[in-house]
Amino acid sequence: MSRIGKRPITIPAKVQITIDGTKVVVKGPKGELSRDLPVQVTVNQEGETLQVVRKDDSRTSRQMHGLSRTLVANMVEGVSQGFQRRLEIQGVGYRAQVQGRNLVLNMGFSHQVHIEPPDGIQFAVENNTNVIVSGYDKEVVGNTAAKIRAVRPPEPYKGKGIRYAGEVVRRKAGKTGGKGKK
């Protein structure tokens, strides 16, 4: 039995869940999410908890059990509390700002980089160098943060670029500047 899959999911007070066959719809104060789960698992609601149960002990059912439970738990947490990803910008002259809903990055290119947020995503900037991506869908928040990081990933020599908060970038030694051949 999957250790993750057998854990029950507690439903917060303001969250409503609708189960229609394999489709699960979760509504909460932050928004609404729906997902079609694999046919190998079913979701049962018992009072204030959800339980994800697999239909048999086949390999694919065991694989989908923990995954489906985690996906449903992320949906419940997202519509009740939301998710955040923090990014840090390092480098002289590198900065970010919010114009309207869009994020504008100055990353040393000859142009500014404009990033439009998908539905349900908000950008916030602190101190011109810390970007906060927040929303209720964990997958979309992570993908949006990855797209922002991909504009200028951290480079290994000086560490300049966009990195996740707390990300450790392995640094390389540069040239030694020794004498040339005679």
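Right above here is the structure, for reference.
From a predicted model like this one, the values you see are computed outputs, not experimental measurements.

Trainee: With reference to specific residues and values, describe the overall build of the chain.
Mentor: Within the chain, the regular secondary structure consists of two helices and 13 strands. Relative to the compact-globule value of 16 Å for 182 residues, the chain shows a C-alpha radius of gyration of 22 Å, a clear excess of over 25%. Taking the principal axes of its C-alpha atoms as reference, the chain extends roughly 75 × 45 × 20 Å. Considering only residue pairs separated by 6 or more positions, the chain has 51% of its internal contacts joining residues 24 or more positions apart. Counting every atom, the chain has about 11,500 Å² of accessible surface; 47% of that belongs to carbon and sulfur. Taking the average place of the 31 positive charges on the side chains of the chain and the average place of its 16 negative ones, the gap between the two points comes to 15 Å.

Trainee: Tell me about the pattern of salt bridges, and name the residues and values.
Mentor: With the rule as written, the count across this model stands at four salt bridges. Between arginine 149 and glutamate 167 there is a salt bridge whose closest N-O contact spans 2.7 Å. Of this pair, arginine 149 sits in helix 2 (residues 138–151) while glutamate 167 sits in the segment after strand 13 (161–164); the two residues are 18 residues apart in sequence, bridging distant segments of the chain. The exposure class of glutamate 167 is partly exposed, given its relative accessible area of 23%.

Trainee: For the sheet that holds strand 4 (residues 32–36), give the residues involved together with the corresponding values.
Mentor: The strand order across the open sheet built from three strands is 2-3-4, with neighbouring strands paired in antiparallel fashion. Each end of this open sheet is capped by a strand with a single partner; those strands are strand 2 (16–20) and strand 4. The mean angle between the axes of side-by-side strands here comes to 10°, regardless of whether they run parallel or antiparallel. Inspection of the sheet shows strand 3 (residues 23–27) paired to strand 4 by five bridges, in the antiparallel sense. Within strand 4, the residue paired with valine 26 across the bridge is leucine 33. Contacts between helix 1 (residues 59–80) and the sheet are confined to strand 2, strand 3 and strand 4, with strand 4 contributing the most and set at about 170° to the helix.

Rules used in this analysis
- Residues numbered from 1 in each chain as written.
- Predicted model: local features only at pLDDT ≥ 70, side-chain atom pairs only at ≥ 80, totals over all residues.
- Heavy atoms only, no water.
- Helix = DSSP H or I, 4+ residues; strand = E, 2+ residues; numbered from the N terminus.
- Rg over C-alpha atoms; globule rule 2.2 N^0.38 Å.
- Contact = heavy atoms within 4.5 Å.
- Areas by Shrake-Rupley, 256 points an atom, 1.4 Å probe, with all protein chains shown as cover.
- Lys, Arg positive; Asp, Glu negative; His and termini not counted.
- Charge placed at Lys NZ, Arg CZ, Asp CG, Glu CD.
- Salt bridge = Lys/Arg side-chain N within 4 Å of Asp/Glu carboxyl O.
- Buried < 20%, exposed > 50% of the residue type's maximum accessible area, 1.4 Å probe, protein only.
- Pairing = 2+ DSSP bridges.
- Axes fitted to C-alpha atoms, helices over the stretch in contact; angles between N-to-C directions.

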